[in-house]
Each structure stands twice: as structure tokens, then as C-alpha cells.
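Now for the letters of each chain:
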Amino acid sequence: MAFYKQHMHEAPKTFLSKYIFSFDHKVIAKQFLWYGIFFLGVGGIMALMIRWTLAFPGVAFPLIGKFLFPETGGVVPPDTYAMLFTLHGTIMIFYAITPILIGCFGNFCIPLMIGARDMVFPSANMLSFWLAVLSAVLLMGSLFTPLGAAAGGWTSYPTLSTLIGSPGVGQTLWAMAIFVLGVSSTMGAINYITTIITLRAPGMGYFDMPLTVWGLWLTAILNAIFLPVLGAGTLLLIFDRVFGTQFFLAGAAATSGTGDPILFQHVFWIFGHPEVYILILPAWGVVSDLLSFFARKPAFGAKATALAMTSISILSTLVYGHHMFTTQMSPLLTQTFMTMTMTISIPSAIFFANWLGTIWRGSIRFHSPMLFSLGVVFVFGLGGLTGLYLGTVTTDLYLHDTYFVVGHFHYTMAASVLLGGFAGVYFWMPKMFGVMMDEFLAKIHFWITMLGLNGVFFGMMIVGYGGMHRRLYNPFIYEFMQKLIPINTFITWSAIIMGLAQFIFVYNFINSLIRGEKASENPWEVGTLEWTIPSPAPHYNFKEIPVVKCGPHELGNPNLKSGRDFQYQTEDLVQA
Amino acid sequence: METAHPNQSVTDRFVNEAQVGDSFVNREATSSISMVVVLVSFSMLFATLFLAYAIYRFQAPVWPPMGMNRVNLFIPTLSTIIAISGSLVFYFFNRDLRRGLINSASDWLNLCVVAGLGFLMVQWQLWSYLKSLGIFASSGIFGSLNFGFTWIHAAHIVIALFLTIWLRLTFKRQSQCIENGNDGEMHGLILKSQNIGKFWHFLTIVWLIIFLFLFLL
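Residues numbered from 1 in each chain as written. Chains lettered and ligands numbered in written order. Predicted model: local features only at pLDDT ≥ 70, side-chain atom pairs only at ≥ 80, totals over all residues. Heavy atoms only, no water.

Remarks on the interface of chain B and chain A
Okay, so step 1: Chain B puts 44 residues into the contact, and the matching count from chain A is 47 residues.
Okay, so step 2: Both faces combined, the contact of chain B with chain A buries some 3,900 Å², and carbon together with sulfur accounts for 69% of it.
Okay, so step 3: Taken together, chain B and chain A are joined by zero salt bridges.
Okay, so step 4: Among the elements of the structure, α1 (8-20), α2 (24-59) and α5 (140-179) of chain B are those that each provide at least two residues to the side of chain B that touches chain A.
Okay, so step 5: Counting residues per element, the side of chain B that touches chain A draws most heavily on α2(B), which supplies 19 residues.
Okay, so step 6: Partitioning the side of chain B that touches chain A into residue classes produces 25 nonpolar, 16 polar and three charged. (Contact = heavy atoms within 4.5 Å. Buried area = accessible area lost by both parts, 1.4 Å probe. Salt bridge = Lys/Arg side-chain N within 4 Å of Asp/Glu carboxyl O. Helix = DSSP H or I, 4+ residues; strand = E, 2+ residues; numbered from the N terminus. Nonpolar A, V, L, I, M, F, W, Y, C, P; charged D, E, K, R; others polar.)

Laid out in C-alpha cells, this is it:
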């Protein structure tokens, strides 16, 4: 390991080199964190507008409605509604979750947890962030074009996304933004993969890596392989829209020979299904570590968890067809995809059982990172189980494109990842900024968020099962849907409560930065490498490259006689 | 009681290796690993395009579609010859650079730039020729494939060409350092050249596949 020696560079001195165009992985991580939190707010407000429209059709959106939609007296117009659900999905997935879970935690944790001084390619790392900024400018710029932003859904299926369905520039800018972001994420992935392979501290085998690093590594591998697939799809979409090619046009729209709109769905989901795991693997990794740290026990079956995550990553590449059961796919294919999808349950069950095994009879410390981690265990369990109904052809045919799907993927991709992200922020805040966040406020934040998100996403599954389709501006013009108005109102109030709870986090975060309690070197009493150095981590990370002598979860060892219940990875394993 | 880690001897070995530090072999391995990942990513992009091609081709009752003519092979064959020659030239450049034959390597590098520019000029001719046949990007899926795929490939050639020109511009300064016995500069130049060379070879392979499926079959 440690293929070569990383030198300690001089600390940057100017404002620009220190905070804006920094090569330091920790600064880039913080840049991604701010970027992600900003877009979490933007996407969150869009979600509230969507929910408001569904609960109170025809009523002006409070506070900012009249400013944003003066022509309708503050009511969200139908075409804007389509833009809102398109941008909400796009922003939350690509501009909020991806930068926080992968950009921030990937950049911050990988070098610190493997004992490196920085990423292997610091300049590519910086470029990756600024390309993400360029992508965000393209996407947000689309809001100010004559026909507005993209409105074809976050999946942007043709023909909704071709010039026929979306004649404005907004959809083209959407495709360009996604392409640029793909380049940015691929650059990050190349950096992560190479860094983990070549810069692990001496003595650190792959199974000595914390599971957080495992999750980020697998995510990077999936990103490097599958983002270019989406890149190719969006490139062809851009060609269709800008140069008049006909890759995704069929029938009367194509003059000679024929394109294929369904092809985009194939390409999108070849990327899109691994994307689910791209987003959730870092959260799984973080939670797998935190459960062990706060249960004061070694991670139960840590190797099996790592291998289960690897198996899921591999299987995730073979199941994309379950998103397309209703596209007149051959029954032989649907059954194959269904069977492959069901096999994912096996490794999922293994690591889920390992999570339970980790906390079983542990001396659990219910600090905020642990609460959020336990929240992930709960919501991911629900999200995973409801996925079975959508992976099965017979039930999916009924549930396809309903709010059941929306509820399911929000449980897995939004709730799990969001809670995992919060767990990570509360946990690494001391090492990132050198301060502790207020535990009391963090716990209030957790409980209100938990109540709110379950009200929203479980409610969505109920109305979906009742037959409510997604993406409808006003479903209640259908008589049979009118009985679902009360529960939709309940969902919206839950969403408002969940949204308001995030102000507690923002206050706590900013207040801690300004006047937070100074953090000690190792406030959580765990043994991974980042906790062997001062808080916040110095710019060179490690004065001496550490030598790893034991695993990352050496907690609660009864042979320890040093007065602590954990060992650092740099210490020899204490045996009887 | 503290006992030795089961991998203690391995640990010691790695500590020693880490102390040895900056060996060229290790840096070359790091560079190769990252370049493999880069090329896997690019391969997936082109593999997706070829998947699309296969679907269009298998769905079409006749190929080329009604009203379209096959493209004369002269220009695509010329592109193929230039692409293969460019790859060979880059190989010779890398070989001579590794042997320390700076002047000869410099000549080969000039030829690499010429090959890249030549390929792009021939592609321009191909697009003009397609238009003269009445095949435009908007002429159904046949035109879309011919233009779309060659555009994407040419865009990658432009990137490779820029990289080669950058290599050319820095080559003089770096080769002077090499002549003064600066091993670090030498290693940096070799790694840079190897990676750009791999990208050229990759694009040659992609072109061969485009030539086979789009023009020959």
C-alpha cells in the first residue's frame, strides 16, 4: 500500500488559494457541503410547492407565492408545476444528495480514513467541484429562459424531452447540465478509486478499511462505469434537440428510418438503477460504521457487510429492466429482470441482519449520529421491503407510475440518504470544523424530521396504493380521487413540519460554527485514523503517515486495560 | 498483554516501501490505474452508442433505410489509415522517449500532431461528402448515426490533439531538464506521454469499430 510518498505542502496563504480554488481535499469537501446544503434548500422549497398544490389546489402558495407567480395571484401554474417536479427530482438527486454524500464525505473521509495526506490528483479534484458549479449555473439558468426550465420529469423520457414535448431551451440546458455534472462526478470517481487503491496507509488491507470507505469506493466504481452511459444518452438527446438528429424520434416525427424513444429509457435506467446504489452506498457505509462506534461493539460480520455491498453493486447493474415492465417488454425479459431483482434481497438481508447484529446487546450511546443511523435502519427497511412490490411484475403493473413508487423511492433515496447524511454531518463536524454541534437541538431535529418524513412518504404509499398517479397537477378532478384529499392534506402538513425542522439544523450548524463548543481530538472515542489527529484536521492531515495494525471497529475489547473501551487503528491488537 | 499484529511482517515491508517512497515504478502503477479507470469510463460511453446502433440496425427492415445510399468507403478507409498511422507514430514517440532519444522522439511527436490534424481534415471531407449525397444529420436514423457518432469521436480526437499539442509545447523545456539529468522531469514526461498515447490508441480502436459497423457492414 501507499504506492508513493505524499509530501507535506505549504499551507495556502491567499484567500483565493485557501477557500476558492483550493487543492485541499478537506476544503473541497466543505465546498461540496455548502453547495449541497444550498440545493437541499432549493429542492426542498420546490417540494413544498408541489405538496401545497396537491393539498390546496387553487390556493396561493404562502409567503413567496405572489412574488413568484404574480400572473396567477400566487397559485402555482400547471406548466410551472411540471418544471417544479422535474427540477425537484433533478436537484435533490444530482445537486443535493450527490454533492453531500459523495462530494463532501468522499473528499473528506477517504484520505483521512485511509491515512493519506490528500487525494492522488488534487487539481482534478478542484476541477471536479468547479465543473459541478458550472453545471448548476446551466441548470438554474434554465429557469430564466423564455419557456422556462425542463418539464419532462427528472427521467426526461422522450418524447416529453424532445423538441416536440419541450420546445424551449430549458430542456437542452437540463441535458447539458447533466452531461457536465457527469464529467465532474466521473473525475471525482477516478480520483477516489485511484486514491483508495494507491494511498492506503502501510498495513491497511482492504478489509481494514472502514465501511464508510468501502461504500464510497463502490460508489465511485459504479459512477465511473455508469455515468458515461447517461452521458451518451444525454449527448444524443442534445443532438436531437440542437442539431436535428432523430435518435429518439419515431413515427411521423422521423422522416426516413426511425429512431426509438424507448431506447432512452434503456440507457437512462442502465445508469439509473446503479444510481440508486451510487447514492445509498455511502450512507450504508457511514451507518455501518456509526452503528458499531455507538454500540461500542465491533461491526458484526464487517467482512460480510463489505462483500454484501459489493454483491449488491454488481447485481445492481443487472436489474434495470424492472423500471420498464410496462414498456411492452418481452415476458421472458420481465421475468428475468424480476428474478434478478429479487436476488438483491439476499445480500441486502445479510447486511441488514449485520446491522441488527451490531447493535444487539451493545452498550448503545444515543448521541445524535447514532439516532440518525438508527433512523436509516428503520426507513431503509421500509423502503427496501416496499421495493419488492415494484420489482415483481404482477404488482408493478398496478402500482407503476403511482405515488406508491414515489413513496418507495423517497424512503430509499431521500429518507435513508438524508438521515445518513445528517448522521455523517453530526459525526464529522468536530473533525471538519473543530466544533461540536448542540446535541439537544440535534435530537429535536431528528425526532421532528423522523415524524415528518414518515408522514410524507408513508402517506404517499397509501395514496399511491389508492390509485393516485404521480405528476398530475390536480388529481382531484377525477371523482374517485376526491376521497384522497384529506390524506394529501395530511402529507402536506407533514412535509411542512419536516421542512421547518430543517431550520433547527441550519441554526445549529451555523451557531456551532460561530460559537460552538471546541471539539477535542476524539470526542466520540473511536479508533479510525481521522481521530488520531487534531480537530479540525490540519492541512497536511498526518505529520507522519500512520501504520495500521488493526481494524476500524476494535471497540469493547474485554482485554483492554488502558481505561478506554476502544483501540486506535495504529495500535497493536490487544489479546488475552 | 499486547501481541504482534498477524500481518506484522507485511506491515514492516510496507513501511520500508513507504520509506523508499517515490520510486518511478510505483508512480507509473498509480498513473496506469487511473488511466485504466479513465478508459473504462470512455469505453462505457462508446459502448452505449454501439448498443444504440445495434438496436437501430436490428429493428430496421432494410439497411441502409429506404432512400439512403451506402457511403463510399474511400474517405472512411483514408481515416482508418491515418488513425492507425497516428497510433504507430505515438508508439514510436514513446519508445524513443523511454530510450532517451530526445531528438528522434521530438520528430515523432511532430508527426503525431500532423496525424491528428490530418484525421480531422479527412473527417471534415467525410461530412461534406455525406451532405453531397443528401445525407444530413436530420435525414432519419441513418444520417443521425453517421453524423452523431463521427461527431462524438471527432470531439475526442480534438481533446487528444489539444493534449498532444500541450505535450509538444512543454516538451522542449522538459527535454532540456532531462539533458541536465533531471530524473523527476523525465519520469513526469514519460507518464504524461504514456497516458496521452493510451488515449490515442483507444480512439483508434473506437474508430476501427465505427469503420467496421457504420461503413463496412
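From this point on, the discussion continues.
So, unusual backbone geometry
Okay, so step 1: The omega torsion of the bond from A:Ser535 to A:Pro536 falls at -10 degrees, within 30 degrees of zero and hence cis.
Okay, so step 2: By the element assignment, A:Pro536 lies in the segment after α16 (485-515).
Okay, so step 3: For the bond from B:Trp63 to B:Pro64, the omega torsion is 0 degrees, close enough to zero to count as cis.
Okay, so step 4: With respect to the secondary-structure elements, B:Pro64 resides in the loop between α2 and α3 (74-99).
Okay, so step 5: In this structure, A:Arg296 takes a positive phi of about 55 degrees despite not being glycine.
Okay, so step 6: For A:Arg296, the position within the fold is in the loop between α8 (261-295) and α9 (302-315).
Okay, so step 7: With relative accessibility at 5%, the residue A:Arg296 sits in the buried group.
Okay, so step 8: With phi around 65 degrees, A:Arg471 is a residue other than glycine that occupies positive phi space.
Okay, so step 9: Inspection of the secondary structure puts A:Arg471 in the loop between α15 (439-465) and α16.
Okay, so step 10: By relative accessible area, A:Arg471 is classed as partly exposed at 27%. (Buried < 20%, exposed > 50% of the residue type's maximum accessible area, 1.4 Å probe, protein only.)

Notes on the packing of aromatic side chains
Residues and elements named next belong to chain A.
Okay, so step 1: Within the structure shown, the criterion is met by 74 aromatic pairs over all chains.
Okay, so step 2: Here the aromatic rings of phenylalanine 372 and tyrosine 426 are separated by 5.3 Å at their centres, their planes lie at 25 degrees, and the arrangement is stacked. Here phenylalanine 372, found in helix α12 (residues 368-391), pairs with tyrosine 426, found in helix α14 (residues 403-433); they are 54 residues apart in sequence, far enough to count as distant.
Okay, so step 3: A centroid spacing of 6.0 Å and a plane angle of 70 degrees characterise the contact between tyrosine 411 and phenylalanine 457, whose relative ring orientation is edge-to-face. Of the two residues, tyrosine 411 sits in helix α14 while phenylalanine 457 sits in helix α15, which places them 46 residues apart along the sequence.
Okay, so step 4: Under the relative-accessibility criterion, tyrosine 411 is labelled buried at 0%. (Phe/Tyr/Trp six-rings, centres within 6.5 Å; stacked < 30°, edge-to-face > 60°.)

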